[in-house]
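# Residue-level structure breakdown
Chain residues, written in single-letter form:
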Amino acid sequence: ATAAVPPTPAAAAGGAASASASAADRGAVYDAASAHRQAEWRASRLRLLRSVLAKSRPTLWDLMQRRVAVFLGAAPLGAGLDDFIDVSHGTLAFMRLGEAFAAAESHGLRAAVAAKGRQFYRRFHRERLEELRMRLETETWDALPMGSGWRLGQIRELGGDDARRAAP
């Protein structure tokens, strides 16, 4: 029978180093596997998020356009024509972006823009008519000496053809 020889101190130290290297390798492998599982989990969550987002784009677009429509409806009409045109152009650009995002029409938002436009132009027209009425009431008017049977073309101040021919 052979007798077991106890390891020398140098061999024992090498064996301990080999055991600790083996444990470090196992730890590195475990860490790599754990990182790989975590990356796979993140990738699967990202795929799920993308698919949910793709399916919910029309819903998101509907919610966004409803909020913008409420904002447009509550916006004051005190701004001038240039401001109204700027808001209209911005809203139309937003609609094009949303329609491309969701592949869905913007019927609600278009209706809100049209309603606000009608409201704006009614107010604008009413203000211009009031301004014209005030000017007509406050201006001094002189009657033009016109005979019976006159025609608009006879008024020289309006550039009528008949008035130019009759002028010396």
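Remember, predicted model here, so these are calculated numbers, not experimental data. (Residues numbered from 1 in each chain as written. Predicted model: local features only at pLDDT ≥ 70, side-chain atom pairs only at ≥ 80, totals over all residues. Heavy atoms only, no water.)

Another point: the overall build of the protein chain. A tally of regular secondary structure across the protein chain gives 4 helices and 0 strands. Helices and strands in the protein chain line up, N terminus first, as α-α-α-α. Of all 168 residues assigned to the protein chain, the portion counted as buried reaches 14%. As presented, the protein chain carries roughly 13,300 Å² of accessible surface, and 63% of it is formed by carbon and sulfur atoms. (Helix = DSSP H or I, 4+ residues; strand = E, 2+ residues; numbered from the N terminus. Buried < 20%, exposed > 50% of the residue type's maximum accessible area, 1.4 Å probe, protein only. Areas by Shrake-Rupley, 256 points an atom, 1.4 Å probe, with all protein chains shown as cover.)

Going through the model one piece at a time under the given rule, you end up with 6 aromatic pairs. Considering the side-chain rings of Phe 120 and Tyr 121, the 5.3 Å spacing of their centres and the 85 degrees angle between planes classify their relative orientation as edge-to-face. By relative accessible area, which is 41% here, Tyr 121 ends up partly exposed. The rings of Phe 84, Phe 120, Tyr 121 and Phe 124 are connected pair by pair, giving a single aromatic cluster. Positioned over the ring face of Phe 124 is Arg 128, at 4.6 Å from the centre of the ring. (Phe/Tyr/Trp six-rings, centres within 6.5 Å; stacked < 30°, edge-to-face > 60°. Lys NZ or Arg CZ within 6 Å of the ring centre and 35° of its normal.)

The phi angle of most residues is negative, glycine excepted, and most peptide bonds adopt the trans form. For Ala 103, which is not glycine, the phi torsion reads 55 degrees and is therefore positive. With respect to the secondary-structure elements, Ala 103 resides in the loop between α2 (81-102) and α3 (107-138). Taking the relative accessible area as the measure of exposure, Ala 103 reaches 73% and is therefore exposed.

Here the focus is the confidence of the model for the protein chain. Summing up the model confidence of the protein chain, the mean pLDDT is 81 and the portion of residues at 70 or higher is 82%. Ranking the elements of the protein chain by mean pLDDT puts helix α4 (residues 161-166) last with 55 and α3 first with 91. (pLDDT = per-residue confidence, 0-100.)

As a packed pair, α2 and α3 sit with axes 11 Å apart at the nearest point and diverge in direction by 170 degrees. Classified by the angle between their axes, α2 and α3 sit roughly antiparallel to one another. Contact with α2, carried on its side by Leu 81, Phe 84, Thr 91, Leu 92, Phe 94, Met 95 and Glu 99, involves Leu 109, Arg 110, Val 113, Lys 116, Gly 117, Phe 120 and Tyr 121 of α3 and no other residues of that element. (Axes fitted to C-alpha atoms, helices over the stretch in contact; angles between N-to-C directions. Parallel < 35°, antiparallel > 145°, perpendicular 65-115°, else oblique. Contact = heavy atoms within 4.5 Å.)

Right, let's talk about the nonpolar core for a bit. In this structure, Trp 61, Ala 69, Leu 72, Met 95, Ala 102, Leu 109, Ala 112 and Val 113 together form the largest nonpolar core, which totals 8 residues. Residue assignment for this core shows that the elements contributing at least two residues are α1 (9-74), α2 and α3. Once residues lying within four places of it in the same chain are set aside, the contact partners of Ala 69 are Leu 109 and Ala 112. (Core = buried A, V, L, I, M, F, W, Y, C linked by side-chain atoms within 4.5 Å.)

Within the element layout of this structure, Ser 106 appears in the loop between α2 and α3. Judged by its relative accessible area of 0%, Ser 106 is buried. Engagement of the side chain of Ser 106 in a polar contact is seen with the side chain of Trp 61, the distance being 3.3 Å. Non-local contacts of Ser 106, meaning those with residues more than four positions away in its chain, are made with Trp 61, Gln 65, Met 95 and Glu 99. (Polar contact = N/O pair within 3.5 Å; in protein donor to acceptor, adjacent residues only side chain to side chain.)

Let us now look at the pattern of salt bridges. This structure, assessed with the given rule, holds 8 salt bridges. Here Arg 133 and Glu 130 are joined by a salt bridge, their closest N and O atoms 2.2 Å apart. A residue pair is termed a helical-turn pair when its members lie 3 or 4 positions apart in one helix, as Arg 133 and Glu 130 do in helix α3 at 3 residues. With its nearest N and O atoms 2.7 Å apart, the salt bridge here joins Arg 133 to Glu 137. Taken together, the residues span about one helical turn, with Arg 133 and Glu 137 both in helix α3 at a distance of 4 residues. (Salt bridge = Lys/Arg side-chain N within 4 Å of Asp/Glu carboxyl O.)

Turning our eyes to something else, we now look at α2. In a regular helix each residue adds 1.5 Å, so 22 residues correspond to 32 Å; α2 covers 31 Å between its end C-alpha atoms and thus fits that length. By the burial criterion, the buried members of α2 are Phe 84, Ser 88, Thr 91, Met 95, Gly 98, Glu 99 and Ala 102. Down the axis of α2, the buried set is contained in an arc of 95 degrees. They therefore lie on one face. Turned more than 90 degrees off the buried face of α2, the exposed positions are Asp 82, Asp 86, His 89, Arg 96, Leu 97 and Ala 100. Two residues or fewer after α2 comes Ala 103, characterised by a positive phi angle close to 55 degrees. (Expected span 1.5 Å × (residues − 1). Arc of directions from axis to C-beta.)

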